[in-house]
Amino acid sequence: MNISFFNSPIRNTLPRCCVTTKQIYSYIISPHAKENTLMLRSLINSDVRRAYKAQNFDYVTFSGRFSVRKSDGLVEHSGFLCFDIDNLPSEKRLQEIKSQLINDPQLHTVLLFRSPSGNGLKWVVEVPDRVWLRQTESTDYRVQSTDDRVQSTDNRVQSTDVIVKNHRVLYER
């Protein structure tokens, strides 16, 4: 699966390269990520923490490969969704939720890790129904959209636009 990797700072919108989830896992546990994470967790002021994170953390777009980090920059969907669970009140609650997520019978966990802040989780799962991805590769005239800009000049649906539309729907399920 292709996932875009972006160098810090967060205002950078051009990907450096594409990576796999295995490479992301290796990066997360690397000394580089660990050093930044420990520094972030040592900061007390929330504004200072937010600024440090924005300036010093590389990031990825788990949902796919992007030409530029914005919704219409999606080139290829990875088949993954990432959920952020933030501001958990205690270590006990974090561990309870982590256990529930990892053992969820409906969704296949690809990655589950503590967020850099230390009091949240990032949960990456496979899209439960890959049928919608196959549909997006089609240029079939029967595929419809409520968004007029999705229609190209030859009345065929542009697959990237359909992917973005369907990606948003997945979070609502």
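Here, the structure is the one placed above.
Each chain carries its own residue numbering, running from 1 in the direction its sequence is written. It should be noted that, the model being predicted, local features are given only for residues of pLDDT at least 70 and side-chain atom pairs only at 80 or more, the latter also being counted only at that level, while totals for whole chains, interfaces and linings use all residues. As a rule here, side-chain values come from all non-hydrogen atoms in the structure, and water together with hydrogens is ignored.

(A) Up close: the pattern of salt bridges. By salt bridge we mean one thing: a side-chain nitrogen of Lys or Arg within 4 Å of a carboxyl oxygen of Asp or Glu. Counted under the stated rule, the structure contains six salt bridges. We note a salt bridge from arginine 65 to glutamate 76, for which the minimum N-O separation is 3.4 Å. On the criterion of sequence distance, the pair formed by arginine 65 in strand β4 (residues 64-66) and glutamate 76 in strand β5 (residues 74-77) is long-range, its members being 11 residues apart. Residues glutamate 91 and arginine 114 are paired through a salt bridge, measuring 2.8 Å at the closest nitrogen-oxygen approach. Here glutamate 91, found in helix α4 (residues 91-102), pairs with arginine 114, found in strand β7 (residues 109-114); they are 23 residues apart in sequence, far enough to count as distant. The exposure class of glutamate 91 is partly exposed, given its relative accessible area of 42%. Three exposure classes are used, based on accessible area relative to the maximum for each residue type with a 1.4 Å probe and protein chains only: buried under 20%, partly exposed in between, and exposed over 50%. The class for arginine 114 is partly exposed, based on a relative accessible area of 27%. To qualify as a helix, a DSSP run of H or I must reach at least 4 residues; to qualify as a strand, a run of E must reach at least 2; elements of each kind are numbered from the N terminus.

(B) Quick look at the side chain of threonine 109. Topologically, threonine 109 is positioned in strand β7. Polar contacts involving the side chain of threonine 109 include one to the main-chain carbonyl oxygen of leucine 101, which spans 3.4 Å. We call two N or O atoms a polar contact when they sit within 3.5 Å, provided that within protein one can donate a hydrogen and the other can accept it, with sequence-adjacent residues counted only if both atoms are side-chain atoms. There is a polar contact of 2.9 Å between the side chain of threonine 109 and the side chain of tryptophan 123. What threonine 109 contacts, discounting residues up to four positions off in sequence, is Leu101, Ile102, Trp123, Val124 and Val125. Contacts were defined at the residue level, with two residues in contact if any of their heavy atoms lie within 4.5 Å.

Worth remembering: the numbers are spatial, not functional.
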